[in-house]
Amino acid sequence: MTKSVTVVDHPLVQHKLTLLRRKEASTSEFRTLLREIGLFLGYEALRDLPLGRIQIETPVCTMEAPVLAGKKLTFISVLRAGDGLLGPMLELVPSARVGQIGLARDEETLMPTKYFFKVPQDTASRVNVILDPMLATGHSAIRAVQEIKDAGAKDVRFVCLLAAPEGLKALTEAHPDVPIITAAIDEKLNEKAYIVPGLGDAGDRLFGTKGV
Ligand SMILES: O=P(O)(O)OC[C@H]1O[C@H](OP(=O)(O)OP(=O)(O)O)[C@H](O)[C@@H]1O
Ligand SMILES: O=c1cc[nH]c(=O)[nH]1
Ligand SMILES: [Mg+2]
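Every value quoted in this text rests on a predicted model; they were computed, and no experiment measured them.

### Overview of the pattern of salt bridges
Phase 1: Counting across every chain of the model gives 15 salt bridges.
Phase 2: We note a salt bridge from Arg143 to Glu147, for which the minimum N-O separation is 2.9 Å. Highlighted residues: Arg143 and Glu147, both in helix H4 (residues 139-150), separated by four residues, approximately one helical turn.
Phase 3: A relative accessible area of 29% means that Arg143 is categorised as partly exposed.
Phase 4: Overlapping salt bridges bring together Asp48, Asp155 and Arg157 as one network.

### Digging into the UniProt feature "binding site: uracil" (unreviewed entry) in the protein
Phase 1: Under the feature "binding site: uracil" (unreviewed entry), the UniProt entry names Ile195, Gly200, Asp201 and Ala202.
Phase 2: Its location among the elements puts Ile195 in strand S14 (residues 195-196).
Phase 3: Contacts of Ile195, omitting those with residues within four sequence positions, involve Met134, Leu135, Ala136, Leu162, Ala164, Asp186, Lys188 and Leu189.
Phase 4: Position of Gly200 relative to the elements: it lies in the loop between S14 and helix H6 (202-207).
Phase 5: A relative accessible area of 35% means that Gly200 is categorised as partly exposed.
Phase 6: Leave out the neighbours within four places in its chain, and Gly200 touches Met134 and Tyr194.

### Describing the coordination of the magnesium ion (ligand 3)
Phase 1: Within the first shell, the magnesium ion (ligand 3) binds the protein through Asp201 (OD) and Asp201 (OD), at distances of 2.5 to 2.6 Å.
Phase 2: Mapped onto the fold, Asp201 is located in the loop between S14 and H6.

### Structural notes on the sheet that holds strand S8 (residues 134-135)
Phase 1: Here we have three strands laid out as an open sheet, ordered S8-S10-S12, and parallel in their pairing. Strands at the two margins of the open sheet, each flanked by one partner only, are S8 and strand S12 (184-185).
Phase 2: Across two bridges, strand S10 (residues 162-163) lies against S12 in parallel orientation. Directly across from Ala163, in S12, lies its bridge partner Ile185.

Reading guide: rules and limits
- Residues numbered from 1 in each chain as written.
- Chains lettered and ligands numbered in written order.
- Predicted model: local features only at pLDDT ≥ 70, side-chain atom pairs only at ≥ 80, totals over all residues.
- Heavy atoms only, no water.
- Salt bridge = Lys/Arg side-chain N within 4 Å of Asp/Glu carboxyl O.
- Helix = DSSP H or I, 4+ residues; strand = E, 2+ residues; numbered from the N terminus.
- Buried < 20%, exposed > 50% of the residue type's maximum accessible area, 1.4 Å probe, protein only.
- UniProt positions renumbered as here; feature names shortened; annotations may be inferred.
- Contact = heavy atoms within 4.5 Å.
- Donors = N, O, S within 2.8 Å, 3.2 Å for Na, K, Ca; no water.
- Pairing = 2+ DSSP bridges.

Have a look at this one:
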């Protein structure tokens, strides 16, 4: 059963995504736009967080006011490109814990190699939000979700910027319990398994490493 795929189709998100996709966008513009879109993606990914109530006093009267009901959060960045979404998520929830999974896609086999893994310990009791701008073949996302589940996670969500139909299908088939939040579903993968129309290599664009 597929829990959900949410496309954040708000006009502001779609406008910013267009600016970010442009090949002329500088590293600095790319970073800024990814941060701005990341705030909206995080807003959607955390929409179902439970609320409790506390009593506060406004200058006018006492009220029972809503507050987050103590669900602990972990944001997991899939290195490197996931770091572009980590900043905005932490702006939304500064108290969240942070994990990192280093995955590098082999451009020949299209399979990811894991080179780093560190997540907070009490994974099972937390909402675990995996961050990676690109869902292409889905191999990296499937591996990232499996690694975090192997560490005990029950509530896992996946936030990306762009998803290819191929990657969406693969991830939802492998992990039907994981909600996916994306800003767009693109047309297809090309012969090198890059997302079309896409934005190129997200890690290189975020860190300015193209050609290095
Ligand atoms: O869905 P897939 O086909 O697995 O491709 C998507 C992966 O490729 C990119 O990472 P990359 O391996 O380029 O690492 P980087 O972030 O260090 O550039 C991207 O950030 C995803 O992790
Ligand atoms: O289009 C793609 C596919 C994989 N990784 C990227 O960064 N971009
Ligand atoms: Mg890359």
